[in-house]
Structure formats: C-alpha cells, structure tokens
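# A closer look at the structure
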Amino acid sequence: MRLIAIHVILVSVALPSVADAAPVSRPNILWILAEDICPDIACYGTKAVKTPNLDRLAADGVLFKHAYSTAPVCSASRSAMMVGMYQHCVGAHQHRTADKQPLPNDVHTYTQHLRAAGYYACTEYGAKTDLNFTTSKLFDGKGWKNRKPGQPFVCQATIATTHRTFKRDKQDPIDPKAVEIPPYYPDHPLTRRDWADYLESMQLVDKQLGKILKRLEDEKLADNTVVVFLGDHGRCHVRGKQFLYDGGLHVPLIIRWPGTIKPGTVREELVSAID
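Residues numbered from 1 in each chain as written. Predicted model: local features only at pLDDT ≥ 70, side-chain atom pairs only at ≥ 80, totals over all residues. Heavy atoms only, no water.

### Structural notes on the pattern of salt bridges
Applying the stated rule across the entire model yields 24 salt bridges. We note a salt bridge from Lys47 to Glu180, for which the minimum N-O separation is 3.3 Å. Pair noted here: Lys47 is in the loop between β1 (28–34) and α2 (52–60) and Glu180 is in the loop between β7 (153–159) and α5 (189–218), with a separation of 133 residues, a long-range link. Of the two residues examined, Lys47 and Glu180, each falls in the exposed class. Among the salt bridges present, the one from Asp172 reaches Lys207, with a minimum N-O distance of 3.1 Å. In this pair, Asp172 sits in the loop between β7 and α5 while Lys207 sits in helix α5, placing the two residues 35 residues apart along the sequence. Judged by relative accessible area, Lys207 falls into the partly exposed class, the value being 26%. One connected set of salt bridges, linked through shared partners, spans Glu35, Arg96, Lys128 and Asp130. (Salt bridge = Lys/Arg side-chain N within 4 Å of Asp/Glu carboxyl O. Helix = DSSP H or I, 4+ residues; strand = E, 2+ residues; numbered from the N terminus. Buried < 20%, exposed > 50% of the residue type's maximum accessible area, 1.4 Å probe, protein only.)

### Comments concerning the environment of Ala222
Here Ala222 lies in the loop between α5 and β8 (225–231). Residue classification places Ala222 among the buried positions, given a relative accessible area of 13%. Remark: the alpha-carbon pair of Ala222 and Pro27, spanning 195 residues in sequence, is separated by 9.8 Å. Contact partners of Ala222, with chain neighbours within four places excluded, come to Leu216, Glu217, Arg256 and Pro258. (Contact = heavy atoms within 4.5 Å.)

### Digging into the layout of surface pockets
Counted as a void, the second largest pocket has a volume near 160 Å³. In this structure, the second largest pocket is lined by Asp40, Gly45, Thr46, Lys47, Glu180, Ile181, Pro182, Trp195 and Leu199. Split into classes, the residues belonging to the lining of the second largest pocket amount to four nonpolar, two polar and three charged. (1 Å grid on protein atoms, 1.4 Å probe; cavity = no way out; pocket = protein on both sides within 12 Å on 5 of 7 lines; lining within 4 Å. Points joined across faces, edges and corners; volume = space filled by probe spheres on them. Nonpolar A, V, L, I, M, F, W, Y, C, P; charged D, E, K, R; others polar.)

### Looking at the side chain of Ser79
With respect to the helices, strands and loops of the structure, Ser79 is situated in helix α3 (residues 74–83). Beyond its immediate sequence surroundings of up to four residues, Ser79 is in contact with Ala92, Asp130, Leu131, Asn132 and Phe133.

### Structural notes on the confidence of the model for the protein
Predicted confidence across the protein gives a mean pLDDT of 91, with 91% of residues reaching 70 or more. Across residues 1–6, where pLDDT falls below 50, the model places 19 contacts with residues more than four positions away in sequence or in other chains. With pLDDT under 50 throughout, residues 10–24 is counted as low confidence; its partners more than four residues away or in other chains account for 25 contacts. (pLDDT = per-residue confidence, 0-100.)

### Some words on the side chain of Arg215
The topology assignment puts Arg215 in helix α5. What makes Arg215 buried here is its relative accessible area of 17%. A polar contact of 3.2 Å, which involves the side chain of Arg215, links it to the side chain of Tyr125. Not counting chain neighbours up to four residues away, the residues in contact with Arg215 comprise Glu124, Tyr125, Trp144 and Lys145. (Polar contact = N/O pair within 3.5 Å; in protein donor to acceptor, adjacent residues only side chain to side chain.)

### Quick notes on the sheet that holds β1
Read from one edge of the open sheet, eight strands run β6-β4-β7-β1-β8-β9-β2-β10, paired in mixed fashion. Here the strands that pair on one side only, and so sit at the sheet edges, are β6 (141–142) and β10 (265–272). Examined bridge by bridge, strand β4 (residues 120–123) and β6 share two bridges and lie parallel to one another. Among the inter-strand pairings, Thr123 is bridged to a residue of β6, identified as Lys142. Contacts from α2 reach β2 (62–68), β8 and β9 (250–256), with the element oriented near 60° to β9. (Pairing = 2+ DSSP bridges. Axes fitted to C-alpha atoms, helices over the stretch in contact; angles between N-to-C directions.)

### A closer look at the nonpolar core
The biggest cluster of nonpolar side chains holds 38 residues, and the ones touching the most others in it are Ile32, Trp144, Tyr198, Leu216 and Phe229. Counting only elements with at least two residues in this core, the list comes to β1, α2, β4, β7, α5 and β8. Of the residues forming this core, the biggest block, 10 residues, is contributed by α5. Ignoring anything within four residues of it in the chain, the contact list for Leu216 reads Leu30, Trp144, Leu221, Ala222, Thr225, Val227 and Arg256. Membership of the second largest hydrophobic core comes to 32 residues, among which are Met81, Tyr119, Ala121 and Val154. (Core = buried A, V, L, I, M, F, W, Y, C linked by side-chain atoms within 4.5 Å.)

### Topic: the packing of aromatic side chains
Tallying each qualifying case throughout the model produces seven aromatic pairs. Measuring from centroid to centroid gives 4.8 Å for Trp144 and Phe153, while their planes differ by 10°, and the two rings are stacked. Ring geometry for Trp195 against Tyr198: centres 5.4 Å apart, planes inclined by 65°, an arrangement best described as edge-to-face. Note that Trp195 and Tyr198 are positioned in helix α5 at a spacing of three residues, about one turn of the helix. The buried category is assigned to Trp195, whose relative accessible area is 4%. Note on Tyr198: relative accessible area 0%, which makes it buried. One aromatic cluster is present, formed by Phe166, Tyr184, Tyr185, Trp195 and Tyr198 through successive ring pairs. Over the ring of Tyr184 we find Arg239; its NZ or CZ atom is 4.5 Å from the centre of that ring. Arg239 extends its terminal NZ or CZ atom over the ring of Tyr245, reaching a point 4.0 Å from the ring centre. (Phe/Tyr/Trp six-rings, centres within 6.5 Å; stacked < 30°, edge-to-face > 60°. Lys NZ or Arg CZ within 6 Å of the ring centre and 35° of its normal.)

Here you go:
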C-alpha cells in the first residue's frame, strides 16, 4: 500500500475532468483540524484519556504515528497546509503577518484546485483559516447542504476546544494522579491538574467528532466521504506550541476512506502536514 497523504488525496480525486466522471464517483472530503494538539489520544497509547470516536476512526482507516506540522503556530502552519508548500516559499512564515501579500500567480489553494474540478468548497462548524497571505475566494459558503444536487464537497472544519483556556469534561473527569506527565515537566499537583484539564478537553474534541461522524451517517454520506483528522500544530504547553520541539510539531493524523484504505492500518513513515 502506497503512502496516502492529504494532498495526494486532493489531487487524485481532482484529476479527471468534470465531464469524465459522474459526481457520485468522487468522494466528498471532510478535513477536520483540531487546534493545539499532539497525539495525546487513546489510540496513540495515551493513558487516562477516553477517545472512543477517534479510536473508532483510526480502527476504520489509517493512523500515522509520525506526522508533523511545518510550524508550531497556527497561521504559519495553516498557510502551508492550504497550498501544500512550505510557508517560506510564499512569504507566509511570519505569524499573523501585518502586511499580507497575495499568493504568487501560479500558486493556488487546495479549495481552488478542487472547485475547478467541480467540488463545492465550504466550511462547517469552526471556520478558522488564519492565513498569512491574501487570495481570491477560498470557500463557496458555509455547510455542504448548499451544494448542487449530486455535487461532491470539500469541507474544512476546525475544533477549537483544545485551545487554552481548557474546557473541563464534567461527564468524564480525569484524575490528575492517573495521568503520565512528560519527563521534562515537574511532577507537581499543578502540573498534573493542568495536564488532566488538557486531556479532558481532548475528550470533548472526541465527543464533537462523534457528532460530526454521526451526521455523516444520518445523511448517508459516510461511505463516500474521506475524513481527515489532523492537528494544526502541537499542544498549548510550555515546550509545545511556538517551540520547535516535538510538543510543538508532532500532531495526530487519522484518515478514513471507506473502500480504499484498509481498516486498522498503522503507518510508521515520517509525514508532513503539507503532504
């Protein structure tokens, strides 16, 4: 099985002309970006956290163990992902650039490529882009229900729950004594409480994902939709976000593509968020 990565998926479904393929033959693409997270998820081996929906998504698709963003902060990382190029190549490496410049004439976003191939490009749930460049129309609207009958969609969603300040999971609280703290942090009650809060916010992300996946099933879209779950960069902790350590760059990447990706696949290769 060849390495399947995000832009490979986008290009492969966009290659045929609109006239050459019936809309139903093209999968929808739902790209879910969770903010400020590392692979601190049960299916990645993290203890004490409960993430049944993410675990099921991984069991139904492929889990990449070594996926990394190209920057430890949102605007630079997202700018690179949007065009599939390193951010310095398009002048988008400075976080929240004050004087944003347009993309070069020969550089286009993935939504523009897919729109040209007949896709309806939209946002849903969170609509954050936070790009360090200007460009023409990124999305056609909000929500895939507004597309033409039979038209495939590409949807970008952002779940911001893991962005500080962390939200507590009142239904499934985590005992701070049960968490495993990275060795570069002091083992102190405050550290444990903060880490437990972060993991509880991850559980809330999992519950939000569960609702999104259920919606796909209820609307009978699940079998023809590629679901990509990815972190925009690392966790919001010291030595994490805005630091060039694993804690700032190592992200979860899970892709489900029914009928194409073998369920339960685990990949060990090094993958970049711009792949």
